[in-house]
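Per-entry structural report
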Amino acid sequence: MLAGLEWTEQTEDLYNLLDIFQKNGYNVILYTHFSEQELKLKHPHIFDYSIWVKFGDYNIEYNNSNCYSYGIKLATQNQYIKHT
């Protein structure tokens, strides 16, 4: 899981980690505040990898304790997970 930092702000590190994880058969989920469209514009090559991405920032207006995607609890309803 790539979370805790905004990995998309550290492009070289992000792609190096993705290469290593994919070569070793690990499943990866990337947490980002970006929307899917924003991520495609900023990092189009990320969609070349077979990874899971959690899209969307924390927005208290959409707070919901019952929001899940692929069995993962999400903080707010504006977030979702998608496989690239």
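The following paragraphs examine the structure supplied in this document. Given the structure is predicted, the values throughout are model-derived calculations rather than measurements. All residue numbers refer to positions counted from 1 along the written sequence of the respective chain. Side-chain atom pairs in this predicted model are given and counted only at pLDDT of 80 or more, local residue features only at pLDDT of at least 70, and totals for whole chains, interfaces and linings cover all residues. Derived side-chain values reflect all non-hydrogen atoms in the structure, with water molecules and hydrogen atoms excluded from consideration.

A word on the sheet that holds strand β2 (residues 52-55). Pairs of strands are assigned from DSSP output, requiring at least two bridges between the strands. Secondary structure elements follow DSSP: runs of H or I of four or more residues count as helices, runs of E of two or more count as strands, with numbering from the N terminus. Pairing within the open sheet is mixed, and its 3 strands lie in the order β1-β2-β5. A single partner strand is all that each edge strand has here, and the edge strands are β1 (29-31) and β5 (80-83). Strand-to-strand twist across the sheet, computed as the mean angle between neighbouring axes with direction ignored, equals 25 degrees. Alignment of β1 against β2, held across 3 bridges, turns out to be parallel. Each bridged residue has a counterpart across the sheet, and for Y31 the counterpart in β2 is K54. Axis definition: a line fit to C-alpha positions, over the contact stretch in the case of helices; interaxial angles, taken between N-to-C directions, run 0 to 180 degrees.

So, about the packing of aromatic side chains. In this scheme Phe, Tyr and Trp rings, the latter by its six-membered ring, pair at centre separations within 6.5 Å, and the angle between planes marks the pair as stacked below 30 degrees, edge-to-face above 60, and tilted otherwise. Applying the stated criterion across every chain yields a total of 4 aromatic pairs. Judged by centre distance (5.9 Å) and plane angle (75 degrees), the ring pair of F21 and Y26 falls under edge-to-face. Partly exposed describes any residue whose relative accessible area lies between the buried limit of under 20% and the exposed limit of over 50%, with all areas from a 1.4 Å probe on protein chains only and scaled to the type maximum. Looking at F21, the relative accessible area reads 25%, which means it is partly exposed. What makes Y26 exposed here is its relative accessible area of 52%. Two thresholds decide whether a charge sits over a ring: the Lys NZ or Arg CZ must be within 6 Å of the ring centre and within 35 degrees of the ring normal. Positioned above the aromatic ring of F47 is the side chain of K40, whose terminal nitrogen or guanidinium carbon lies 5.5 Å from the ring centre. The residue whose ring lies beneath K73 is Y68, and the NZ or CZ to ring-centre distance is 6.0 Å.

Quick look at the nonpolar core now. Generally speaking, a soluble globular protein has its nonpolar side chains buried in company with each other. Joining through side-chain atoms within 4.5 Å is the link that ties buried Ala, Val, Leu, Ile, Met, Phe, Trp, Tyr and Cys residues into a set, and such a set is a nonpolar core. If you look at the biggest cluster of nonpolar residues, it comprises 13 residues, and the most contacted ones within it are L14, L18, L30, L39, I46 and I51. Elements represented by at least two residues in this core include exactly α1 (11-23) and β2. Residue contributions to this core peak at 3 residues, all from α1.

The residue G71 is located in the loop between β3 (68-69) and β4 (72-73) in this model. Sequence separation between G71 and G56 is 15 residues; the distance between their C-alpha atoms is 17 Å.

This part is about the side chain of Q79. Locating Q79 in the fold gives a position in the loop between β4 and β5. When its relative accessible area of 8% is taken as the criterion, Q79 is described as buried. Any N or O atom pair separated by 3.5 Å or less is treated as a polar contact, with the protein-specific requirement of one donor-capable and one acceptor-capable atom, and with residues adjacent in sequence counted only for side-chain atom pairs. From its side chain, Q79 meets the backbone oxygen of G56 in a polar contact 3.4 Å long. When neighbours within four sequence positions are excluded, Q79 is seen to be in contact with K54, F55, G56, D57, Y58 and L74. Contact criterion: two residues are considered in contact whenever any of their non-hydrogen atoms come within 4.5 Å of each other.

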